[in-house]
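Spelled out from the first residue to the last, the chains are:
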Amino acid sequence: MNVFTHPKTAAHDARTAEKLRQRIDGDGSVQVHLDPTMEIDGAKVFAIYGKGGIGKSTTSSNLSVAFSKLGKRVLQIGCDPKHDSTFTLTKSLIPTVIDVLEKVDFHTEELRPEDYMVEGYNGVQCIEAGGPPAGTGCGGYVVGQTVKLLKEHHLLDDTDVVIFDVLGDVVCGGFASPLQHAERAVIVAANDFDSIFAMNRIVAAIRAKSKNYDVRLGGVIANRSRETDQIDRYNEAIGLKRLAHVPDSDHVRLSRLKKSTLFEMGDSPEILAIQKEYLQLAETLWAGTKALEAEPMKDREIFEFLGFE
């Protein structure tokens, strides 16, 4: 896909080829590259990754609310075709960017912000990028179109924090594309083999993107886990850091069923403790985290490394 949209002259083609040559993420890379005019300026941008089903959307939504409780203007962008990242914030499945673009035959000038952006709990602005039909397109294109709309409608001018909630543990060029926009990538993981194995691959993807973009590893959110010993052992081995620990809690599961964030679930000591953890996480991320230079393990190495003695 040619993401540089200037007139196709011979000189332009040569410049484009040189830009792409200089931005190779790794051997065999066929990744979708960021149009330089689509960079997000001004806002702090975070990309949330992790194994499928690990609770990224719950984490992202509660983190968005925590930022809003700190007085920040927050935009959450769901990057999963099932478009349920923001439903605890909006109490519904909102239309996706791809849905609304198809309705106007991809004539973006016919769209208004309210066609694809919905205000959620405590003022968090919500967008679901959606995705192409299965097996027919690239997630990176969808993310690119979403950022393009935001720029065209100047919606990023009044935003302090952007959170990308990214599909599962897919780290192909398309679904790694939010890393081209993010300042920090944060990984959600449980204290188990599958989560940490997926985290290791995500670390490798972030490392690849960091060669050519500003994104850096921010750390790990331990989620749905009573203990964190395996996460901590892995972090120490490769150079990662745990930023927060959200325990395995029935209140979290119930919040999804009630289409609510944890900040709407009452004031029991357990709920207040989880709210406090998210607020401290938001404060930490806003203040700025150290860029972590983690070295991912090889697949065979991590198989041998993980496990309880």
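All figures in this text were calculated on a predicted structure; none of them were measured in a lab.

A.B. asks: Just give me the short version of the overall build of the protein chain, but keep the residues and values in it.
C.D. replies: Helix and strand counts for the protein chain stand at 10 helices and 8 strands. The contacts of the protein chain with a sequence gap of at least 6 include a subset with a gap of at least 24, amounting to 76%. As displayed, the protein chain offers around 14,300 Å² of accessible surface, 50% of which is attributable to carbon and sulfur atoms.

A.B. asks: I'd like a rundown of the packing of aromatic side chains, residues and numbers included.
C.D. replies: Evaluated as defined, the whole model comprises 4 aromatic pairs. Look at F193 and F303: their rings are 5.0 Å apart centre to centre, the planes differ by 55°, and that puts the pair in the tilted class. In this pair, F193 is assigned in helix 6 (residues 193-209) and F303 in helix 10 (residues 299-305), connecting sequence segments 110 residues apart. In this structure F193 comes out as partly exposed when scored by relative accessible area, which is 29%.

A.B. asks: Give me the lowdown on the confidence of the model for the protein chain, citing residues and values where you can.
C.D. replies: Predicted confidence across the protein chain gives a mean pLDDT of 85, with 81% of residues reaching 70 or more. With pLDDT under 50 throughout, residues 1-8 is counted as low confidence; its partners more than four residues away or in other chains account for 17 contacts. Note that residues 27-32 has pLDDT below 50 and, in this model, 9 contacts with residues that lie over four places away or in other chains.

A.B. asks: Give me the packing of helix 2 (residues 56-69) against helix 9 (residues 269-287): which residues, what numbers.
C.D. replies: Between helix 2 and helix 9, the shortest axis-to-axis distance is 8 Å and the interhelical angle comes to 75°. By the angle between their directions, the pair helix 2 and helix 9 is classed as roughly perpendicular. Here T58, T59, N62, L63, A66, F67 and K69 of helix 2 lie close against helix 9, whose contacting residues are Y278, L279, L281, A282, L285 and W286. Class assignment for the residues of the contact of helix 2 with helix 9 results in 9 nonpolar, 3 polar and 1 charged.

A.B. asks: Explain the sheet that holds strand 3 (residues 118-119) residue by residue, including any values.
C.D. replies: If you trace the 8 strands from one edge of the open sheet to the other, you get 3-4-2-5-1-6-7-8, paired in mixed fashion. On the outer flanks of this sheet lie strand 3 and strand 8 (242-246), each paired with one strand and no other. As paired strands, strand 2 (residues 74-79) and strand 4 (residues 125-128) are joined by 4 bridges and run parallel to one another. For Q76, the partnering residue across the bridge sits in strand 4 and is C126.

A.B. asks: Give a detailed account of the side chain of S64, specifying residues and quantitative values.
C.D. replies: Take S64: it is sitting in helix 2. Leave out the neighbours within four places in its chain, and S64 touches V74, Q76, V124 and I163.

A.B. asks: Describe the pattern of salt bridges, naming the residues involved and giving the relevant values.
C.D. replies: If you walk through the whole model with that rule in mind, you get 12 salt bridges. For R73, the salt bridge goes to D158, with nearest N and O atoms at 4.0 Å. With a gap of 85 residues between them, R73 in the loop between helix 2 and strand 2 and D158 in the loop between helix 5 (139-152) and strand 5 (161-166) connect regions that are remote in the sequence. With relative accessibility at 41%, the residue R73 sits in the partly exposed group. In this structure D158 comes out as exposed when scored by relative accessible area, which is 53%. Residues joined by salt bridges that share partners form a network here, namely D80, K82, D84 and R256.

A.B. asks: Residue-level account of empty space enclosed by the protein, with values.
C.D. replies: Unoccupied space between atoms shows up once a probe the size of one water molecule is rolled over them. Applying the stated criterion across every chain, the model contains 2 cavities of 30 Å³ or more. Taken as a whole, the largest cavity holds about 70 Å³ of empty space. Together, V203, I206, R207, S210, R216, L217, L292, E293 and A294 line the largest cavity. When contributions to the lining of the largest cavity are tallied by element, the ones reaching two or more residues are helix 6 and strand 7 (216-223). Broken down by element, the lining of the largest cavity gets its largest block of residues, 3 residues, from helix 6. Lining the second largest cavity, in full, are N223, R224, V246, P247, D248, S249, V252 and R253.

A.B. asks: Give me the pairing of strand 6 (residues 184-189): which residues, what numbers.
C.D. replies: With 6 of 6 residues buried, strand 6 lies mostly within the body of the structure. Between strand 6 and its parallel partner strand 7, the chain crosses via helix 6, and the hand of that crossover is right-handed.

A.B. asks: I'd like to hear about the pairing of strand 2, residue by residue, with values.
C.D. replies: Across the 6 residues that make up strand 2, a large majority, 6, are buried. Side chains V74, Q76 and G78 project from strand 2 onto one buried face, and the interleaved L75, I77 and C79 project onto a second face that is buried too. Bridge count between strand 2 and strand 5: 6 bridges; the pairing is parallel. Along strand 5, the bridge assignment pairs Q76 with I163.

Cut-offs and rules
Residues numbered from 1 in each chain as written. Predicted model: local features only at pLDDT ≥ 70, side-chain atom pairs only at ≥ 80, totals over all residues. Heavy atoms only, no water. Helix = DSSP H or I, 4+ residues; strand = E, 2+ residues; numbered from the N terminus. Contact = heavy atoms within 4.5 Å. Areas by Shrake-Rupley, 256 points an atom, 1.4 Å probe, with all protein chains shown as cover. Phe/Tyr/Trp six-rings, centres within 6.5 Å; stacked < 30°, edge-to-face > 60°. Buried < 20%, exposed > 50% of the residue type's maximum accessible area, 1.4 Å probe, protein only. pLDDT = per-residue confidence, 0-100. Axes fitted to C-alpha atoms, helices over the stretch in contact; angles between N-to-C directions. Parallel < 35°, antiparallel > 145°, perpendicular 65-115°, else oblique. Nonpolar A, V, L, I, M, F, W, Y, C, P; charged D, E, K, R; others polar. Pairing = 2+ DSSP bridges. Salt bridge = Lys/Arg side-chain N within 4 Å of Asp/Glu carboxyl O. 1 Å grid on protein atoms, 1.4 Å probe; cavity = no way out; pocket = protein on both sides within 12 Å on 5 of 7 lines; lining within 4 Å. Points joined across faces, edges and corners; volume = space filled by probe spheres on them. Right-handed = clockwise from strand over helix to strand, strands pointing away.

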